[in-house]
Structure formats: C-alpha cells, structure tokens
Amino acid sequence: MNEAVDSTSLSSSSSPARAFCLKLNPLEMAAIVSHHHHHRLFSTVTPRFNSTRRDSRWRATGSNSVRCAAVSTSASENRRVTVSNRNDSLDICRVLNGMWQTSGGWGRIDRDGAVEAMLRYADAGLSTFDMADHYGPAEDLYGIFINRVRRERPPELLEQVRGLTKWVPPPVKMTSSYVRDSINVSRKRMDVESLDMLQFHWWDYSNPGYLDALKHLTDLKEEGKIKTVALTNFDTERLQIILENEIPVVSNQVQHSLVDMRPQQRMAELCQHTGVKLITYGTVMGGLLSEKFLDTNIAIPLAGPAINTPSLQKYKRMVDAWGGWSLFQGLLRTLKQVASKHGVSIATVAVKYILDQPAVAGSMVGVRLGLSEHIQDTNAIFSLVLDEEDVNSIREAKAKGKDLLKVIGDCGDEYRRA
C-alpha cells in the first residue's frame, strides 16, 4: 500500500525551533536506504547550533587549516565547475543527473534501457551522475555505462564523464579494513580504479566514528582509490569540526530548493569562509516545482496529479512544513510567469535560481532512466539568465513561507536527532 503514514507534524515547543517529524511509508523507506539504516531516518529534531559561538571559531581557525580553493568557472563555458580542497580537485557538470530513482518506487528500471538513457544524457553534455551504495542497481548501471563509453565514444567524452557516489554505513566501528572493504565494493560495481567523488553520510553525531571513517577515506584518497572526499547531509557544526580535523572535503550535498533555503543561512556562511561548496538535491522537489502541479488541488482525490513516488511524498511534506499547498501554488504561479517570459519551464527557473546562490557548485535533477527524459529542459538551465525583476519576484514569493531552519533545523537534521 502506498499510503502516507503520519505526514508532517509540527508541534509547539519552548525551544526557538519547533519540533519537526517526518515518517516514511514502507515504499519510501525501501527506496531511500537499505534495511539496516532505516531506524535513524527522519527523527524529531531540535537545533542546538549557536551561530555566534561557531563564528568565533571560524575566525580563530587559521585559514591554512580549513580554506579550500574557490569554485572556478570559465567565462565562456558555465556548464562545468571545479570543486577543490588543497591538492584535490574535480570538475563536474553544474547540473548533475541524480540516480535515486533507480532504487525503486518510480517504476521498473530496464537495465539496457537505463544505460542507453545514460548515454543520451552524456552525449547531450550532461555527463555527471550522482548515485549511492544503497540506490538499488545505480552503481552497477554506471559500471555498464562507463564501459560503453570506453568502447563506443571518443576519448574526449570519457574525459568529461564523472561518477559521484555516496557511502552510507551503519553506525559500527569504523576500522581501516571496514572502510576499505566498503569502498572497494563501490569501485568494483562502478568498474573504476578510482572513485571520482565519495560523499560520506553519518547517522548519529553522538558517535564520533565519523571522524575515523573520514580519516580512513582520506588515506584511501592518498592511495589513489578515491579522487575527492566529500560529505552529504552534514550540518554546519559538524562540517566545521571535520575541517578543523584537516579532512580535505570538497563539498557537502544538501537539500536545497526555493522552499528549502536553509543552506543559505548557517551553512553558506561557513562555506564562503572555507571554500567548501554545496551540491544540492531536491531542487525541483521531486517534480513538484513543475507545470504538472500548477493550479491543482491535490486535497480532492483524483482531482489532481497523484503524489505517488517516494520523492513526491517526501517533498510534499516539505511544502506542508513551509506553508501548505495554497501558498505553494502562489510560488508556482510566480515561477510560471518568469518561465513564460524566458520560454523555459518552471523546473528550469527553479534550478537556475538555486545555482545562482552563494556556495552552490551544482544542483541535482533526478533522472528516471528509460522512463522519462528532461534533457532539453535541463540544458536550457545553462543559457537562462534571471534578471533583477525575476529574482525579486521569486524572492518575494518564497519569502511568504516559513523559515525551515526554525521548523526543521540545520542541513541534514531531518535525517537524525542532533
């Protein structure tokens, strides 16, 4: 049964932040994490971060110990960007193909059809793919795809292809051998000697094992098994701690959209100070930020599009937390006006706005490989220029919603109890 269980619940609290609770139905749970991870997902949180205290630490920390190289873009080519830290660097496409949709819940994925679709995306210049160890067959599909590229495409395309993956371990002791064995699984599945980027997630901050894991990942990077070490869903406080421990992370992948502007608060301040960049997901909110949901009333059964995928269900709860469906319709109408002015789609405008935010290196657009494609809309992002009128109208529309930092907490707090 695909019925939502205990949708977004907001409760009053004496804390400056309200408690926020998200729960998943079985379909969503299976799609997001493998069975041994599920007990940590979407706990009630109360943010504890003291920005003033941490800011003093940023200033006290020497720039040599945490400063990363800034993202650089070519004046004539804004499709790609380089994220760097010390001697580590990786250039990626600014719009990444997100492969969460291969994990189940969006429709059956045909292996051959999926690989053909990946080739079409790469041929169109969209050559950076983001996946995870728990996204079903995603890493295996990449392995088949990269071999097709090696055999059937010119070397110039192979040089542009990037495969970014994530490691989401259970909260066990992070020994060198455990970390090495886990990373070797991804290397084998993706059929690469060296992972372009390994993005690390940790469930429980009360367990400091994340620092051990990151140090072992850094050792593997030095051995050439990983090109760049990165994070996913870490909050600002822990990112600062990681940098103070001289872990050379190049980016942090976080949820970021017109509804969820949390990364532009505490996280962006630290990122601008240190040079760590953001890769964003949820930027089109699973498709909610599109014409399909404009002028719809989903409260009436069968009257509007179904909220029937794990991503739609997840981001619908974000809409509820932000201010509700009626307010969201106002945002969609504003985006439609801007989109019509430029001859593009709502999703194109939504992604471009986030790409233009401070510290953002790239944004994810989910791909339903072999089921549907949005190559033309995605490529339109690179030529779109939002003028001052566009930016002001979008800013005014999104400002009518709640500040999710006060509702949920900092980046990634929706996945754990801080």
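Use the structure listed above.
Residues numbered from 1 in each chain as written. Predicted model: local features only at pLDDT ≥ 70, side-chain atom pairs only at ≥ 80, totals over all residues. Heavy atoms only, no water.

(A) Seen up close, the overall build of the protein. Looking only at helices and strands, the protein has 16 helices and 12 strands in total. When the 418 residues of the protein are sorted by exposure, 58% land in the buried category. Once local pairs closer than 6 in sequence are excluded, the contacts in the protein between residues at least 24 apart make up 78%. For the protein, the exposed area adds up to about 16700 Å²; of that, 48% sits on carbon and sulfur atoms. (Helix = DSSP H or I, 4+ residues; strand = E, 2+ residues; numbered from the N terminus. Buried < 20%, exposed > 50% of the residue type's maximum accessible area, 1.4 Å probe, protein only. Contact = heavy atoms within 4.5 Å. Areas by Shrake-Rupley, 256 points an atom, 1.4 Å probe, with all protein chains shown as cover.)

(B) Structural detail: the side chain of Gln255. Position of Gln255 relative to the elements: it lies in strand β10 (residues 249-255). Take Gln255: its relative accessible area is 3%, and that puts it in the buried class. A polar side-chain atom of Gln255 sits 2.8 Å from a polar atom in the side chain of Asp260. Apart from the residues lying within four places of it in its own chain, the contact partners of Gln255 are Asn233, Asp260, Arg262, Pro263, Tyr281, Lys314, Tyr315, Met318 and Glu414. (Polar contact = N/O pair within 3.5 Å; in protein donor to acceptor, adjacent residues only side chain to side chain.)

(C) Fine view of the packing of helix α8 (residues 209-222) against helix α9 (residues 236-244). Closest axis-to-axis distance for the α8/α9 pair is 11 Å, and the angle between their directions is 50 degrees. Here α9 runs oblique to α8, going by the angle between their axes. As for the relative orientation of α8 and α9, their crossing is right-handed in sense. On α9, the residues touching Tyr210, Leu211 and Leu214 of α8 are Arg238, Ile241 and Ile242. Among the residues making up the contact of α8 with α9, the classes are represented as five nonpolar, no polar and one charged. (Axes fitted to C-alpha atoms, helices over the stretch in contact; angles between N-to-C directions. Parallel < 35°, antiparallel > 145°, perpendicular 65-115°, else oblique. Left-handed = near helix turned anticlockwise from the far one by under 90°. Nonpolar A, V, L, I, M, F, W, Y, C, P; charged D, E, K, R; others polar.)

(D) Examining the environment of Ser257 more closely. Counting through the fold element by element, Ser257 comes out in the loop between β10 and α10 (266-274). Note: C-alpha distance between Ser257 and Ala350 (93 residues apart in sequence) is 7.4 Å. Each residue touching Ser257, except ones within four places of it in the same chain, is listed here: Gly282, Thr283, Met285 and Ile354.

(E) Quick look at the pattern of salt bridges. One pass over the structure, following the stated rule, counts 29 salt bridges. In this structure, Asp91 and Arg80 form a salt bridge, with 2.7 Å as the shortest nitrogen-oxygen distance. Of this pair, Asp91 sits in strand β4 (residues 88-93) while Arg80 sits in strand β3 (residues 80-85), and the two are 11 residues apart along the sequence. Classification of Arg80 by relative accessible area gives buried; the value is 16%. Where Arg333 meets Asp295, a salt bridge forms, and the shortest distance between an N and an O atom there is 3.7 Å. (Salt bridge = Lys/Arg side-chain N within 4 Å of Asp/Glu carboxyl O.)

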